[in-house]
Amino acid sequence: MKLSIVVPVYNAEAYLPRCIDSLLAQSLSDYELLFVDDGSPDGSYAILADYAARFPEKIRLFQKPNGGQASARNLGAAQARGEYLSFVDSDDFVEADCYASLVRAMDRAQADVLLFDACADYGTHTAPYAAIPEIPASRKITPAEYVLSFPAAWNKIFRTAFYRAHAFRFPEGIWYEDLALIPQMALYTDRLYYEKQLAYHYVQSANSTMRNDGYRAKWHDMDAAISILQTALAPRFPAETEYLCFMHYLYETSLRYYGARHDAEIDAIADWMRQRYPHWRRNPYVRERASRHERLLAWLFYRKKYRLIRLAQAVKHRIRRKP
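A brief look at the structure comes next. Everything numeric here is computed off the predicted structure, so don't read it as measured data.

What follows concerns the environment of Ala239. By the element assignment, Ala239 lies in helix H9 (residues 238-259). Here Ala239 falls in the partly exposed class, since its relative accessible area comes to 25%. Along the primary structure Ala239 and Arg282 are separated by 43 residues, whereas in three dimensions their C-alpha atoms are 9.9 Å apart. Excluding anything up to four places from it in sequence, Ala239 contacts Asn283 and Tyr285.

Next up, the structure:
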C-alpha cells in the first residue's frame, strides 16, 4: 500500500460527497481512504457507509464516540497501512489526480515530510494558500524553513515509518492541534521537501471549527497549543518559535478576541509575551515577514491600547463615509 489518507468526519453531510468524490478521482492505484466518523449526529455516517459499500477496495470506515478532530486523526493514523500518510478535512476537497504526482515527488526526494500548496476556496473564487510563499519552486527545505511554513496537517504527506517512529499524536481535547504538533517534526528530520503544486482546497464554510463567527470559549485552547509548541521548539529554534508566538498568538489570537470585545484575554496574551519575548519587535522574521499593519496592531495589543485602536478605526470609518 503506497498511501493512506485519513479523513476525520463530524457533522459534514453537506460537504462529504464532494470530498469523497475528489479523493476517489485519483489515478494512483495503490491507496486507501480511512474515514473516521467522530460521533456525528447528522447523516454523515450513512453517507460514509453508502460509499464504503460501493468502494470496499478503497474505503475503510471507522466510528467512534465524539472526541474531537485530533482523536479521530489519531485513530485513523494508527490504522493506516500505507508507506505514506496524509490527512484531509471532511469539508474540504482535493484536485483531481493530485496524489500521483505528489507521491512521485515524495519518492524522488526520499522525504520524511513533503509539503504542497492549497487555496482558500470561497465557492465563487479562490485565494492562494501556499505552504511556503517565499519559495518560488520545488526544492528541499531546511528545518527552520519548515517550522515557518503554514502549520496544517492537510497540506503535507508524511512517511508513515517516520511518523510512527516518533509516536506523533495530535493533542486531543483542544483546537489548534495542528499548530501544536506539525512544526515539532523539524526536531526529528532534515529530510523535508516542498513540492510547489496546488493540490488542496481549504473550503471557507460556516461548518468549519475555525470559521464560526462570534466569541468561542474554545479559543482559549490556543493557550495550550502555544505552550506545547513553545516548550518543544524554543531550545532549538528560538527565533522561529518567537515569530510563531508573535503571529499566531499576539497578532491573530488577539485580533480574534478584539473582534469579540474580550480585552481581558488580550491582556493575558500580552503579559505572556512580555514574560517570554519582550524583544519580539527585534525578531528578524517579524521584521521581514510581517506586514507593517500586523506589526503595528500587534504592538498596540502588546501595549493594551484598545481604545486607541477603536478610535483609529472609527476615524477611518468616518473618512471612508465622507462624499
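Moving on, we come to the packing of H9 against helix H12 (residues 292-302). Two numbers describe how H9 lies on H12: the axes approach to 10 Å, and their chain directions differ by 70°. On the basis of the axis angle, H9 is roughly perpendicular to H12. Taking contact as the criterion, the partners of Phe246, Met247, Leu250, Tyr251, Ser254, Leu255 and Tyr258 in H9 are, on H12, His293, Glu294, Leu297, Ala298, Phe301 and Tyr302. Split into classes, the residues belonging to the contact of H9 with H12 amount to 10 nonpolar, 2 polar and 1 charged.

On to the nonpolar core. By size, the foremost hydrophobic cluster in this structure holds 70 residues, and its most contacted members are Tyr163, Met185 and Phe246. Here this core gets 10 residues from one element, more than from any other, and that element is H9. Setting aside anything within four residues of it in sequence, one finds Phe246 in contact with Tyr251, Met273, Trp280, Val286, Ala290, Glu294 and Ala298.

Glancing now at the pairing of strand E6 (residues 113-121). Of all 9 residues making up E6, 9 are buried, and the element is well covered by its neighbours. Where E6 lies against strand E9 (residues 156-159), 3 bridges are found, and the strand directions are antiparallel. Bridging across to E9, Leu115 finds its partner in Lys156. Bridge count for E6 against strand E10 (residues 192-203) is 8 bridges, and the pairing is parallel. Residue pairing for E10: Ala118 is matched across the bridge by Tyr200. Sheet topology places E6 next to strand E7 (residues 126-129); 4 bridges connect them, and they run antiparallel. Of the residues in E7, the one forming a bridge with Cys119 is Pro128. Counted between consecutive antiparallel strands, the loop separating E6 from E7 contains 4 residues, among which Gly123 sits at a positive phi close to 90°.

The rules we used
- Residues numbered from 1 in each chain as written.
- Predicted model: local features only at pLDDT ≥ 70, side-chain atom pairs only at ≥ 80, totals over all residues.
- Heavy atoms only, no water.
- Helix = DSSP H or I, 4+ residues; strand = E, 2+ residues; numbered from the N terminus.
- Buried < 20%, exposed > 50% of the residue type's maximum accessible area, 1.4 Å probe, protein only.
- Contact = heavy atoms within 4.5 Å.
- Axes fitted to C-alpha atoms, helices over the stretch in contact; angles between N-to-C directions.
- Parallel < 35°, antiparallel > 145°, perpendicular 65-115°, else oblique.
- Nonpolar A, V, L, I, M, F, W, Y, C, P; charged D, E, K, R; others polar.
- Core = buried A, V, L, I, M, F, W, Y, C linked by side-chain atoms within 4.5 Å.
- Pairing = 2+ DSSP bridges.

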